[in-house]
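Residue-level structure breakdown
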Amino acid sequence: MFDHRSLLRKYLLRIGMLFVELFSCLNGSLFADESIEFERHVRPILEQNCYGCHAKGEKSGNIALDEFDGDVKQSQVLWHKVLHQLRSKSMPPLGEEGPTEEQRTLAMSWIKSEVFRHDSKRPDPGIVTVRRLNRIEYRNSIRDLLGVDYDTNSNFPSDDTGYGFDNIADVLTISPLLLEKYISAAKEIVSKAVPVVSGVAPHRTLPGGKFSKEIIADLLNNPDATTVPKDEPVGNRFGRPTQGPPKEDPAKLTMSYKVPSIGKLTTNVLIAGKYKVIVNMVAAEQYVDNVFDYNRCKMVFRFDDELLVEREFVRQGNESMSMHFDMDLQAGDHDLVFEVTPLTPEQAQVRYLRVIVENVKLVGPIGDAHLVPPPNYDRYFPRPVPRSSSERRAYAAELLRQFATNAYRRPVEDEAVERLVSLAESVYGTGKETFESGVSQAMTAILASPRFLFREEATIRDSDGTHPWLDDYSIACRLSYFLWSTMPDQELFQLAARGELRENLDKQVDRMINDPRSSAFFQNFVGQWLQSREVETVSIDAFAVARRESEARPVSDPEADRKRARRFELRNKTESELTDAEKLEKAELDKLANFRPGGFGRPFGPAFDDKIKRAMRAETEMLFQHILKNNLPLTQLIDANYTFLNEDLAKFYDIPKLETIQGNEMRLVSLPEGSLRGGILTQGTFLAVTSNPNRTSPVKRGLFILENVLGSPVSAPPPNIPSLEDAAVKKDGKKQSLRETLAIHRENAVCSSCHNKMDPLGLAFENFNAIGRFREKEFGEAVDVAGTLSSGETFARVADLKKALVTNHQQEIYYCMADKMMTYALGRGLDFRDNYALDEIVQRIEQSGGKARALLDGVVHSTQFLKRRNADDVADTSGSK
Amino acid sequence: MRRSQIAMRRRQFLQGIGVCMALPALESLQSAKLFAVDSPALATTASGAPLRTAFVYFPNGAIPSAWWPSAGGDSDAKAYAMSQTLKPLESHRNSIQVLKGLDNLSANGGPDGGGDHARGNGTFLTGVRLKKSASDIQAGVSIDQIIAKSIGEKTRFASLELTCDSKRQTSGCDSGYSCAYQYNISWSSATTPMSPESNPRSVFERLFGAGNPGDRNEGLARRRNEQKSILDFVLEDARSMQRRLAVTDRDKLAQYLDGIREIEKRIEKAERFGAATDPAIETPAGVPDTYEKYVQLTYDLLFLAFQTDSTRVASLLLAHDGSNRSFDHIGIVEGHHDLTHHQNKADQIKKVEEIDLWYVRMFSGFLDKLAGAQDMDGKSLLHNSMIVYGSGNADGNRHTHSDLPIVLAGNAGGTLTPGRFVDHRSKPLTNLYLSMAERMGVHDLNRFGDSTERLSNL
């Protein structure tokens, strides 16, 4: 019998791809000589350590190991689970004796070699289904291709997600509706970017901000009119203060409904002729929940002495307007005047109603003699359009070949160019449309083609019998969509054209990570893995959260309950059913209901608003970015003595000694000795996205850590059970604390196997409320954060927990990170066949001392990333999920 | 010298739409009749008017005690007392049936465990168990799509799918189920959800064309011609690509090709139908700023689609099951889903009841419009419709899928007997769908999902 320890040492010796290959061969021969047998070697280990709960009728977690009948092909998923438990040592549970190191290694080796049948001479890259661009990738690719920012978020249906990411090929489906949208998007984008005529009437934009604004004091004999009206905006129905007056955009002319004012501009017209005058404006308001604003004003617009607009405005709900006028203009100076007259000086100002003139456009002189090339003409049509039809065809072919090559991200064949030219010709050849419209119609077709919408990959077949390499164009795309969420740039494209990309991989990854476009990687990969992207849309009632910390635990109030019931009863009647007395009563009760106890005037702390949420999101992304760019230990993601803050976030977190940070810019900040912050688990993103609208959820926090940090998700709760945290038992009219409630439920065996893992992790963060602020008390009682992990470590504070995670659970964290990054990079979920690649990446990380670049390099150099499964191999999906 | 053109008014869309619109549906109805090639009974009432059906889904079930009317044990009651939650429907009492005893057992957990929201949502219109997977989607074809496949030729659009969920979650949907299950109720095949449209502006422009009233049809025609030449090109690209791709990838391209064929068919159909009815109203600006306006506007668009006979089948997912939206506008700051797990606490139950009531109130407003609009046969649109209003969870607290809260509104042109509260005593919900499909003219459908027979006594 061979020595498994020496085998393990050999594993550890592997360095880099080359060595991996080499040693795998050695391993293979070892196994060939003396293979591990299930009955002889593995079964006794399982019997001794696992059968107690997973055999002979026992089926904990729906796993029965004695059902294994030797058919490894049918049980790969099962053994994948077993491997995971062995690797993370999370089975058997705490308090029961587990296998020795030697036994563990032996069992794991058996699973890898005999069950997964990983062939180290011919590693399997797996199947990556052809990927459709998701909304982000589409938007970025269009930006790089045509310089147009197309808002895919509001124009395309959301992409479905799988494995926590929105770039998973299998779920990126294409419905008829979406295809229809792609076609209309292509049209809209091309029409925005590509001119369809060679000349247009000149046009000049006079920005609103260029108008000089003058406030007229005595227009209504109102002495206050020159100052901002005194009426303070009222709070909304929850008693929250509303925002102050909106900031004026200096590029626009802003005129309040409440202030009589005039905006003037004199502009010079050089050539007399017909002009079009276009006024673009908005009747703006600042939304306040449930309180209206009854102000009105009159606005007039004069062009010289001609009155073009005279209109009364009420609250228009941010209606934007574009008004067009045809005018004959003489050469010389012209005066443009906007004038606003308030009509309701007595009305309170609630929503800051105002007229905002964005700009006035002068288009003209109109007529063939005055045409100028449209903006961007040179970019798409570098030469004048030739006259003869054969020259036109050649010019169209040249333009369309270039565009299609860029859009398809690989050279296009002549046949496709030919079809594009025919399409263009079918449009301009009729003589009714311009050459340019023909070409832009063909460009529209290119953007609607599956060759743009999908990322088609090609391979280079090697003679060595392994799975084929991807060609350089495909690798360029994999890299660029992985690290930039967009198409390859010129440099990648040129390297691919020369076939030199694969040999320059590391250099390119360096360059790409340091390019500003890599922000897409941090936003999309980190944003989804750590859910920091979600923080911006998370809905938390910061008010309800604050109340939990400021008050004693609510006791039942029969009078309030009665009123509430009565109000509900009245609200269910229709207007006609209510008596006058009931109407009054209802109004009273409504008022009471809207002003919640303690709601008015109580100090509320910094707002959990969009600014804070953006800062939180940036904090998480910047931490990962910092670690990756500086090649720091990955564990700093969990435990670091620094973070990224701006003034608002520093105040929000209330970190001692950091109150002095000023300004909006996020920056690297060293945390004071003993600070609880540092690492993603004490950041606002994690703390908020795992919370309920009105309180923390230790269960969700625990689950998040298991799923996204330790990589050992627990199975879903059985059906038809209430959420644990809500099942608080009443005692003396008081609710139980979450900790008490959770403790009761952990006594239940069905719940305990998972909640023993989740709860201590989640409860450790009870010092942080649902919006991520520090707290010591809830409902007047001190929160208790101490606990014991299911793996046995005890901790008193969150700092101890972080230490325990990064020292005792380092390898699990590496595996989890490798799994997540690989999933994102490949756009597919991983299964047991990919296990060897994760092993390799984790070894690479460990050998580098836990450095971040080893993770990224490991992914990029993996067989999965650089190769495709041989098309001739039967699609082997047996045993997969 | 000058003329002021219309300033784009983006706001007051559809205010009092039912009143201000002259009904232009009649002409197109007649032309539609000309093109009806097969059985004249397809989606048509006995009087020759269009018969329409819609499926409206509200999330997270309803508090049963407040939802169900009482009829003193009578399983088929005319003189029942309207329940607290259904009170807003009192004025439509004679046009609705409250259906009790309908179950969707394929939404039960069974071996799949958690995920009742994904299942409640994803099986509501299919009655087929979902494959529990984050990426390998396997659902069933939904009833609206079955009907649309049969009758889609009669109208400009075979079906319409709407939602008032403008933002979809990007990760971590229900218990290992793909988000696709939770954000779609309508499925054209087991693997292809019909992604509902959430932007009212896009819905409007798809139905009637872009631009100002009067200009929309010309725009639609031009768009069709351009689309045809583009389609020819991309079709060839797709075919050449399919030849190069691996077997697994061909499925993806097949989706694309199906889409192309679908659009081609639509263009052909649009050409057959001639000009669309252009509602003389402004195009809505986009997603309104409050949920209440959003829901109202979406119902308005559905109404408009029916009124102009643009389609006869529609589905509306008001919010996905499991939705944790808060209802600040009625003073409820907690999330809807979280509240539904109320632990029998009176205050939480009340809040859920208020949310349930609010949803019913919005639905009642939709019925008001349908009831107020006259169809070509002189009856109301509501009379010539069948609208299911329901949820895939019964009791959101316990995640049950039996005794689902279901209201069937409309008379289906006189073939239904509304004005009743009927307990069907544990029949599959899909039995109801079979009966509805039959009324829509889909006679050859004898089984659907877990159906056992057509639901009688409707």
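For the structure itself, look to the data block above.
Structure report, in brief. (Residues numbered from 1 in each chain as written. Chains lettered and ligands numbered in written order. Predicted model: local features only at pLDDT ≥ 70, side-chain atom pairs only at ≥ 80, totals over all residues.)

A word on helix α5 (residues 143-151) of chain B
Residue and element names in this part refer to chain B. Heads up, the condition is: Exposure classes come from backbone-placed C-beta atoms, where a residue is buried if 20 or more other C-beta atoms lie within 10 Å of its own, exposed if 12 or fewer do, and partly exposed in between. Secondary structure elements follow DSSP: runs of H or I no shorter than four residues count as helices, runs of E no shorter than two count as strands, and numbering proceeds from the N terminus. Two residues form a contact once the distance between their C-beta atoms, set from the backbone, is within 7 Å.
The element α5 is largely enclosed, with a buried count of eight among its nine residues. Within the sequence span of α5, burial applies to Ile143, Asp144, Gln145, Ile146, Ile147, Ala148, Ser150 and Ile151. Where the residues of α5 are buried, they touch β1 (52-57), β5 (187-189), β7 (313-317) and α13 (429-439).

Observations concerning the sheet that holds strand β10 (residues 332-342) of chain A
All names here are of chain A. Inclusion rule: Strand pairing is assigned whenever DSSP detects at least two bridges linking the two strands. Every angle, taken between N-to-C directions, lies between 0 and 180 degrees, and every axis is a line fitted to C-alpha atoms, over only the stretch in contact when it is a helix.
One open sheet holds the five strands; their spatial order is β3-β5-β10-β7-β8, and the pairing between them is antiparallel. Lying at the two open borders of the sheet, with one neighbouring strand each, are β3 (212-215) and β8 (306-313). Geometrically, the sheet is characterised by an average inter-axis angle of 15 degrees between neighbouring strands, direction not taken into account. One ladder, built from four bridges, connects β3 with strand β5 (residues 261-269); its direction is antiparallel. Residue pairing in the sheet places Ile215 in a bridge with Ser261 of β5.

Some points on the packing of helix α10 (residues 291-307) of chain B against helix α12 (residues 346-372) of chain B
Residues and elements named next belong to chain B. Put simply, the test is: Any angle from 65 to 115 degrees is called roughly perpendicular, while one under 35 is roughly parallel, one over 145 is roughly antiparallel, and all others are oblique. Handedness of a helix crossing follows the sense of rotation of the near helix relative to the far helix, less than a right angle counterclockwise being left-handed and clockwise being right-handed. Classes in brief: Ala, Val, Leu, Ile, Met, Phe, Trp, Tyr, Cys and Pro nonpolar; Asp, Glu, Lys and Arg charged; the others, Gly included, polar.
Contact pair α10 / α12: the axes reach a minimum separation of 10 Å and the direction vectors enclose 30 degrees. With respect to each other, α10 and α12 are oriented roughly parallel. When the axes of α10 and α12 are compared, the crossing they make is right-handed. Facing α10, whose interface residues are Val295, Gln296, Tyr299 and Phe303, α12 presents Met362, Gly365, Phe366, Lys369 and Leu370. Within the contact of α10 with α12, the residues separate by chemical class into six nonpolar, two polar and one charged.

A word on the environment of Gly322(B)
Relative to the elements of secondary structure, Gly322(B) occurs in the loop between β7 and β8 (326-327). Along the sequence, Gly322(B) and Asn121(B) sit 201 residues apart, while their C-alpha atoms lie 8.8 Å from each other.

Digging into the sheet that holds strand β4 (residues 160-163) of chain B
Residue and element names in this part refer to chain B. Across the sheet, which stays open at both edges, the eight strands sit in the order β2-β12-β3-β11-β10-β1-β7-β4 with mixed pairing between neighbours. Where the open sheet ends on each side, the last strands, each with one partner, are β2 (76-77) and β4. Across four bridges, the pairing between strand β10 (residues 385-390) and strand β11 (residues 406-409) is antiparallel. For Tyr389, the partnering residue across the bridge sits in β11 and is Val407.

Describing the environment of Thr283(B)
All names here are of chain B. Assignment of secondary structure puts Thr283 in the loop between α9 (247-273) and α10. Thr283 sits 72 residues away from Gly211 along the chain, and the two C-alpha atoms are 7.5 Å apart. Each residue touching Thr283, except ones within four places of it in the same chain, is listed here: Arg201, Phe204 and Glu205.

Brief notes about the pairing of β7(B)
Residues and elements named next belong to chain B. Counting buried positions along β7 yields five of five residues, so the element is predominantly enclosed. Both faces of β7 are covered, namely the face carrying Val313, Ser315 and Leu317 and the face carrying Ala314 and Leu316. Bridge count for β4 against β7 is four bridges, and the pairing is parallel. Its bridge partner being in β7, Leu162 is matched across the sheet by Leu316.

Digging into the environment of Phe493(A)
Residue and element names in this part refer to chain A. Relative to the helices and strands, Phe493 is located in helix α16 (residues 490-497). For the pair Phe493 and Arg410, spaced 83 residues apart in sequence, the C-alpha to C-alpha distance is 8.2 Å. The residues touching Phe493, leaving out its near neighbours within four places in the chain, are Ala476 and Pro488.

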